[in-house]
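Summary of structural features
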Amino acid sequence: MLGDLIRDKGREGRRGYTLPKLDVEETNLDDVLPEKARRKEKPKLAEVDEPTVIRHYTNLSRNQWGIDTNFYPLGSCTMKHNPRVNEQAAAVPGFAMLHPLQSEGQTQGALRVMYELQGFLAEISGLPAVSLQPMAGAQGELTSILMIKKYFEDAGDEGRTAVIVPETAHGTNPATASMANFKAVEVGLDEHGSVDVGELREMVDETTAALMITNPNTCGVYERNIKEISEVLHEAGAFLYMDGANMNANMGRMRAADAGVDIMHFNLHKTYSTPHGGGGPGSGAIACSEDLAPFRPDPIVEKDGDLYTLVRPEKSIGRMAAFHGNFGQILRAWNYIKMHGPELKSVTDMAVLNANYVRARLGGTYRVPYDELCKHEVLVQPPKGKKALDIAKGLIDHGFHPPTIYFPLVVKEAMLIEPTETESKETLDDFVGAMLELAESDPEELEEAPTHAATRRLDETRAARQLKARW
Amino acid sequence: MARFTPHTEADVEEMLEAIGVDTLDDLFADVSPKLEEDLDLPPALSEHEALADVNELAKENAAALPLFIGAGAYDRVVPSAISSIIGRGEYLTSYTPYQPEVSQGHLQVVFEFQSVISELTGLEVSNASVYDGSNAVAEAALMTARLTKRNPKVAVSEGLNRRYREVVETYGVELVALPFENGTTDFSDVPDDVSGVFVQSPNYFGIVEDIEAASDAAHAVEALSVAVCDPIALAVLESPGNLGADVAVGEAQPLGMPLLFGGPYAGYMATHEKFVRQLPGRIAGETVDKDGKLAYVLTLRGREQDIRRAKANSNICTNQALTALAATVYAALLGPEGLREVAELSASKAHYLADRLQASGFRLRYPEAPFLWEFAVELPDAAKANEALLENGIVGGLDLGDGAMLVAVTEKRTKKELDAFVEVVSNAG
């Protein structure tokens, strides 16, 4: 039952794991440590046996939906199938039992994986220099913006205080700009849902450090003026950063470098299929131009003759993490790319086909604010009188995970649907059927949804007002 | 066709027709500039071929050997039950619980994880985890600045993991060096304009530090104290909350996560409830549903980037949900007595090794300072010793580069391995 905590399922003295034996003389910690440093009260943790642990967490998992159990078209999150071969690869002891501080000579296999993935991402983006260290997309953004900041410091160009973000940007973009001590400034959209180039031209000046663009953007629309946008920035000495959250729409169809992008991040957990794990771990590799390459975080992998080595770039911003990034995700993404090769283009094609199919089927009933070709995701609005929240909760009763709702902020009642390439036409047809049925349903009844899930709608205000975040 | 897509040619044709275009290329009519060539990547491999490559490269790593490196990542037991739980598709293939009605599994796990961290640290509130230990330290440094309304400037010593200090600096925080002598930090003279005072215990060299002294020093200058603690050590060491720490952070990797060449791990962060609004990252809280049934939900969301955008207290949006689940399952399997036993086993084995090394004529760098399972031993040529160890199938300690080796001993090491270590190092001169 919900709320039955593991701690309440045990009894003092029960244990779920046997430890290796003590085969040397025992050291009494009371003889070693000052009395003040010794713990007086034992922590109130569960005391349970292994069968109870397995049953508890198995039963909890049954109140959890994932891609494995349900269609999960969460916009901008790329919830594609996670191939199990990658899990097997990450469990191989030759990698799983390798310490990050072992010498280069002892870790050539792991370093080669990193070197090759750096090369793959350079090829896919057209940008020559890569770092795999960022631990998640948001950290890839921060890494990129810190590199741009250091570039200007190094060039003695001190007046660059602003980072421009489109209205459609992910919340992480302005938060990243602030974290790097830039002022985040917003630029509006044109009638296609793309960055308004006229407005941008007015804004960009010698105080601009960069524009953070997501392409395709969070309306699912390709930034058709991206080349011109890059020229506006470059003329002012600023950089174009691309948020690569939506790379699933681009592979083999466009290259960031050709569009004038100077630096970008990838979400290995989105485009390259590493599991989202309930919110992480992710991985947020970056790729950049030669100009920015010396500022990459420490370390990157280089090849010296036959030897793979860890190198600190000449003018590095420093470390973003203690070790080499989320290596487990790096290994999975490397394996995924090796299993696709140039056929990654087909991944993109099927993702875009699926999104456009949903757009075509929902259009007419749902409003499509930018009713042109979409890329890997489609932005829709419910018919008049219906709320995105209610449709979302209604979808749960139909067995579908809701899309992203109320984002992007530029249209009211936004529903951002990203089917991904790993879903079949039949699944999409079922989903569309449910969406069309919900569009016709009684609004008052819909307010009651979900009625078939583990819980009904929750009292979120109470959670915040009467904070209880532990047992 | 791509490897994991269901589309047949007939599917594609029907779907293109429904869309009203003729070809797949037509779907990219708006893309400019277009990539006309194929990606220059190696040809696609089958699963079998790909795995053969993985296994081949794994042989190029000196992995799965008796290992004596720690320095922030430890070769501890990983109970089999963990991989079985975290491999369940429901946990593995879900995302951030934006829809709590279908995400109660992860939400309750986060609640339990937070509870474990609160119990171990003696602090009221924990978040759902951040990227790793170093990022928890960096986020804590920024947190002290927000709470004291001072510039981010923190007092640290060499006792704080060198790599953690580097990450803190990357995040734009100024470091003030505190004196470090005989293996411990001297907190007697902390500058009065710092936002935080950091103490790692056990510190980088394995020595148990005086968290209370750090807290008193911080509070004397109206700064906050941050304790950086190994969660296993907290089974036998007084909780930082009871020693006056305002924030406790650290690396949760020892709680059931494989080494995996540095990640994914999970950073934990805990603090007093009065500081919760400046705590970054996700937090799961208890509430009820429409029928009054107990349930969990992400709460205090007004701190976060997707709501507050440029005014958020961090840009972080993920937590390490899956590795935090591993830590939660580990804590359940071991329980308070098991955690204590892991700490005691490791300490006994480490002290045995240190004693034998000293009996063989080696000096510990800090012979008087109390340590648990990690210590620095003076070796004129640590690199040579490590080469000799590897020839004997042992991965030695971390070469500190200044005539010493940092040696970590976990519960996994056997007397036979420890004796072999002493013998090889002695013979290597």
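Cut-offs used in this document
- Residues numbered from 1 in each chain as written.
- Chains lettered and ligands numbered in written order.
- Predicted model: local features only at pLDDT ≥ 70, side-chain atom pairs only at ≥ 80, totals over all residues.
- Core = buried A, V, L, I, M, F, W, Y, C linked by C-beta atoms within 7 Å.
- Buried ≥ 20, exposed ≤ 12 C-beta atoms within 10 Å, placed from the backbone.
- Helix = DSSP H or I, 4+ residues; strand = E, 2+ residues; numbered from the N terminus.
- Contact = placed C-beta atoms within 7 Å.
- Pairing = 2+ DSSP bridges.
- Axes fitted to C-alpha atoms, helices over the stretch in contact; angles between N-to-C directions.
- Nonpolar A, V, L, I, M, F, W, Y, C, P; charged D, E, K, R; others polar.
- Domains from an automatic or database assignment.

1. Digging into the nonpolar core
- Core analysis: the largest hydrophobic core is formed by 311 residues, its most contacted members being Phe95 and Ala210 of chain A together with Val197 and Val329 of chain B.
- With 22 residues, helix H10 (residues 321-359) of chain B is the largest single contributor of residues to this core.
- Not counting chain neighbours up to four residues away, the residues in contact with Ala210 of chain A comprise Ile145, Ile148, Val163, Ala238, Phe239, Leu240 and Tyr241 of chain A.

2. Things to note about the environment of Ser46 of chain B
Residues and elements named next belong to chain B.
- Mapped onto the fold, Ser46 is located in the loop between helix H1 (9-19) and helix H2 (47-58).
- Taking the number of C-beta atoms within 10 Å as the measure of exposure, Ser46 has 11 and is therefore exposed.
- When the C-alpha atoms of Ser46 and Lys153 are compared, they prove to be 52 Å apart, with 107 residues separating the residues in sequence.

3. With respect to the sheet that holds strand S3 (residues 183-187) of chain A
Residues and elements named next belong to chain A.
- Strand order in this open sheet of 7 strands is S1-S7-S6-S5-S4-S2-S3, and the pairing throughout is mixed. On the outer flanks of this sheet lie strand S1 (129-131) and S3, each paired with one strand and no other. Ignoring which end each strand starts from, the neighbouring axes of this sheet average 25° apart.
- By the bridge criterion, 3 bridges tie strand S2 (residues 162-166) to strand S4 (residues 208-214) in an arrangement that is parallel. Paired with Val163 across the bridge in S4 is Ala210.

4. Section: the interface of chain B and chain A
- Each side of the interface is counted separately: chain B has 171 residues, and chain A has 167 residues.
- Considering only residue class, the side of chain B that touches chain A consists of 86 nonpolar, 46 polar and 39 charged.

5. Topic: the domain arrangement of chain A
- What the domain assignment lists for chain A is domain 1 (6-61), domain 2 (87-338) and domain 3 (344-446).
- On a C-alpha basis, the centres of domain 1 of chain A and domain 3 of chain A stand 48 Å from each other.

6. Some thoughts on the sheet that holds strand S7 (residues 224-228) of chain B
All names here are of chain B.
- Taken in spatial order, the 7 strands of this open sheet run S1-S9-S8-S7-S6-S2-S3, and their pairing is mixed. Every interior strand has two partners, whereas the edge strands, strand S1 (125-126) and strand S3 (174-177), have only one.
- Two strands pair when backbone bridges link them, and S1 and strand S9 (residues 267-271) are joined in this way by 2 bridges, in the antiparallel orientation. Across the sheet, Val125 pairs through a bridge with Thr271, a residue of S9.
- Here helix H6 (residues 133-148) sits on the sheet in contact with strand S2 (153-156), strand S6 (196-200), S7, strand S8 (247-251) and S9, set at roughly 160° to S8.

7. Observations regarding unusual backbone geometry
- At the junction of Asn215 of chain A and Pro216 of chain A, the peptide bond is cis and its omega measures out at -10° in the coordinates.
- Considering the arrangement of structural elements, one finds Pro216 of chain A in the loop between S4 and helix H9 (226-235).
- The amide bond that connects Phe407 of chain A to the next residue, Pro408 of chain A, takes the cis arrangement and shows omega of 0°.
- You will see that Ser76 of chain A, though not glycine, has its phi angle at about 70°, which is positive.
- C-beta crowding within 10 Å serves as the criterion here: with 24 such atoms nearby, Ser76 of chain A is assigned to the buried category.
- If you check the backbone angles, Leu260 of chain B has positive phi at about 45° while not being a glycine.
- Relative to the helices and strands, Leu260 of chain B is located in the loop between S8 and S9.
- The exposure class of Leu260 of chain B is buried, given the 28 C-beta atoms found within 10 Å.

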